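Spelled out, the chains give:
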Amino acid sequence: MSNKLYAPIILLLVLTFLIGPFIIIIAASLSAGETLSFPPQGLSLRWVIKVFEVESFRASFGVSMFLAIGGTIFALILGIPASYALSRYKVPGAETIRTIVSSPIIVPGIIVGLALLRYFVVPFNFGILFALFLAHTALILPYAVRVVSASLTNLRSDIEEAAVLLGCSRVGAFFRVVMPNIRGGILAAFILGFVTSFNQVPVSLFLSGPGVRTLPIDMLSYMEITYDPSVAALSALLAFMSLGIVFLAERFLGFSRYV
Amino acid sequence: MSDSRFLCLEKMTLSYGKNVAVPDMDLDIGKGELVALLGPSGCGKTTTMRAIAGLMEPASGKIVLDGTDITRVPANKRPVGLVFQSYALFPHLNVYENVAFGLKLMGVKGSELDKRVIDGLKTVGLSQYATRKPAELSGGQQQRVSLARSMVMEPKVLLLDEPLSNLDARLRLEMRTELQRVQKESGVTMIFVTHDQVEALAMADRIIVMLDGHIEQIGTPEDIYNHPVSDFVADFVGFENVFERVGNTIKTANGDVAIAGDIDDATKGLAWRPSMVTLGDGPFEGTVRGTSFAGGTREYLLDTPLGQIKAECDASLPAHDFGAVLKFDLPVHKAAQLARTGSL
């Protein structure tokens, strides 16, 4: 057989594996039946509506949003100055610092979670939400530093000196000419951080506790007890939310340039 | 304060950590002058320029501008403009906003702001490009925007870092004329840094030749071109045959060689341009090791008992072949008599 015939078949298989689960989830969430099943038994929106009625989903969605948005903002507040220092000044051991900052990506989440629990949360008696917040910030920080560093590297540093000579203070130059030019990178880092935090399971699993859990953890425990299609409906809603964010980011920022 | 001491560097020392880049520099620049800081890379010319701009603080000494000591005045408060070699335009702002940047910080607003920005753009011939982003402009246009951005601030001194080095040959000539015109029209004191002697000779009222952090010679283009004071300056402006002189001899690789003619007692060296070497007649002999045709002239590289000699003669004369033995002379009356040697 020729390549001309292979290529479309391979493409079709890849797309099936990528999009297939998504279609199954959407279909399952529209089922009228009592249990999670595919193909769906009849069509209905009852499980989509149910998602919004489950109290624990509402609470854990709030926690997840707080961690994703708050954690990302905090990681950027730490990460932007760090990236700036690493790219503009001769920092001793810059490479080591970069490696350490990236380590939460490399080390498996389950180990990070256990380590945080055993050596920080328990000895220092952190509150659950505070511990989750710190853990998520740490997990997002590598993305913040990486993406922001990349945009800073592409930005010439002499424009800051030019701004100073035109009357800006050093700090003013940062806000007037550096920030506007790395805005795209910062937003890309925000989206990556948000998605990373929102989808986080292993670390959150260790640090969640009574009354405070993130949405993915809540979904796991919900499924252990009830096997109705509302989890599928919630998954589908979350997938659409992510799609929407990425679509807007691409539309207005050319998100794919940064990732 | 007189006009000839508009900008004064007094015993200014610049250093990077423990490395002294420019020791004890003294320099006076007059009001409205167009001055070139000329020298090879690493001679301290850019460092000196950055110190005048305030981007670098002198380790000691003073910088006085228009009667005011500005040594400790921060860069953003100095009435000094700088056009960067890379132009350093703000990529997120359009041409108009780039030029308006400094004026806005100064608190200029409304129609006054508009007028000054438009005037600035008109001066450099870019009024129709006001809404373009820097990335949409050619190198020459970016250079003009950068010039306008500094000029609208009405600085007392305008510094330019290698203003022509990123432009192609044709634009370079155009920009050279442009810079001279802007300088003469505005009367601003302009100092530009360059490693290109042709650029310095063509544009400047006065040239400051720098080497290893000190000033080697200051003079008009004619002075520098015709009367270099040291072997370094001589070599830099095209005296390619440079010798140390002792009494009536010049030192060569093969021992001292007697030379006839009147030489000042103070002269430490003699230098000849290739065109000053008499070819075809004279007390010395050399073998042709290379020739090249340069339009109006033909250049020869000769192997001689004095070492290698570069000579040049009219291209209409018959060409000498590789390996030919030619007589030549180094006429003392044509030579540049150097007051210092040893810097090469």
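1. So, the domain arrangement of chain B
Residue and element names in this part refer to chain B.
Reasoning step 1: Taken domain by domain, chain B comprises domain 1 (3–228) and domain 2 (232–338).
Reasoning step 2: A C-alpha centroid distance of 38 Å is found between domain 1 and domain 2.
Reasoning step 3: Each side of the interface is counted separately: domain 1 has 14 residues, and domain 2 has 10 residues.
Reasoning step 4: Of all residues in domain 1, Q197, Y225 and P228 give up the largest surface area on contact with domain 2, accounting jointly for 50% of the area buried on that side.
Reasoning step 5: Linking domain 1 with domain 2 are zero salt bridges.

2. Observations regarding helix α3 (residues 110–123) of chain B
Residue and element names in this part refer to chain B.
Reasoning step 1: Between its first and last C-alpha, α3 extends 20 Å over 14 residues, near the 20 Å set by a 1.5 Å rise per residue.
Reasoning step 2: For α3, the complete set of buried residues consists of L113, R116, V117, G120 and L121. Across the axial projection of α3, the buried residues extend over an arc of 130 degrees, all falling on one side. Exposed positions of α3 whose direction lies more than 90 degrees from the buried face are S111, K115 and K122.

3. Focus on the pattern of salt bridges
When the charged atoms of two side chains lie near each other, side chains of opposite charge can form a pair.
Reasoning step 1: Scanning the model with the defined rule gives 26 salt bridges over all chains in all.
Reasoning step 2: In this structure, A:R213 engages A:D218 in a salt bridge whose closest nitrogen and oxygen atoms are separated by 2.9 Å.
Reasoning step 3: Between B:R170 and B:E174 there is a salt bridge whose closest N-O contact spans 3.9 Å. Taken together, the positions of B:R170 and B:E174, both in helix α5 (residues 169–186) and four residues apart, correspond to about one turn of that helix.
Reasoning step 4: Each of B:R144, B:R170, B:E174, B:E178, B:R181 and B:E185 takes part in a single network of salt bridges with overlapping partners.

4. Let's talk about the confidence of the model for chain A
If pLDDT is low for a region, its predicted coordinates should not be looked at in detail.
Reasoning step 1: The predicted model of chain A averages 86 in pLDDT, with 96% of residues at 70 or higher.
Reasoning step 2: The spread of mean pLDDT over the elements of chain A runs between helix α4 (residues 94–106) of chain A, the lowest at 82, and helix α7 (residues 158–165) of chain A, the highest at 94.

5. Side note on a nonpolar patch on the surface
Reasoning step 1: On the surface, a cluster of nonpolar side chains totalling about 760 Å² of accessible area is made up of A:Y6, A:I10, A:L11, A:V14, A:L15, A:L18, A:I19 and A:I23.
Reasoning step 2: Note that A:I10 resides in helix α1 (residues 3–29).

6. Re the packing of aromatic side chains
All names here are of chain A.
Reasoning step 1: Inspection of every chain in the model, using the stated rule, returns 16 aromatic pairs over all chains.
Reasoning step 2: Centre to centre, the rings of F57 and Y222 are 4.9 Å apart; their planes meet at 45 degrees, and the pair counts as tilted. Of the two residues, F57 sits in helix α3 (residues 55–88) while Y222 sits in helix α10 (residues 215–225), which places them 165 residues apart along the sequence. Like F57, the residue Y222 is buried in the burial classification.
Reasoning step 3: The rings of Y84, Y89, F174 and F175 are connected pair by pair, giving a single aromatic cluster.

Criteria and cut-off values
- Residues numbered from 1 in each chain as written.
- Chains lettered and ligands numbered in written order.
- Predicted model: local features only at pLDDT ≥ 70, side-chain atom pairs only at ≥ 80, totals over all residues.
- Heavy atoms only, no water.
- Domains from an automatic or database assignment.
- Contact = heavy atoms within 4.5 Å.
- Buried area = accessible area lost by both parts, 1.4 Å probe.
- Salt bridge = Lys/Arg side-chain N within 4 Å of Asp/Glu carboxyl O.
- Helix = DSSP H or I, 4+ residues; strand = E, 2+ residues; numbered from the N terminus.
- Expected span 1.5 Å × (residues − 1).
- Buried < 20%, exposed > 50% of the residue type's maximum accessible area, 1.4 Å probe, protein only.
- Arc of directions from axis to C-beta.
- pLDDT = per-residue confidence, 0-100.
- Patch = residues over 30% accessible without salt bridge, like charges linked within 9 Å, V, L, I, M, F, W, Y side chains within 5 Å.
- Areas by Shrake-Rupley, 256 points an atom, 1.4 Å probe, with all protein chains shown as cover.
- Phe/Tyr/Trp six-rings, centres within 6.5 Å; stacked < 30°, edge-to-face > 60°.

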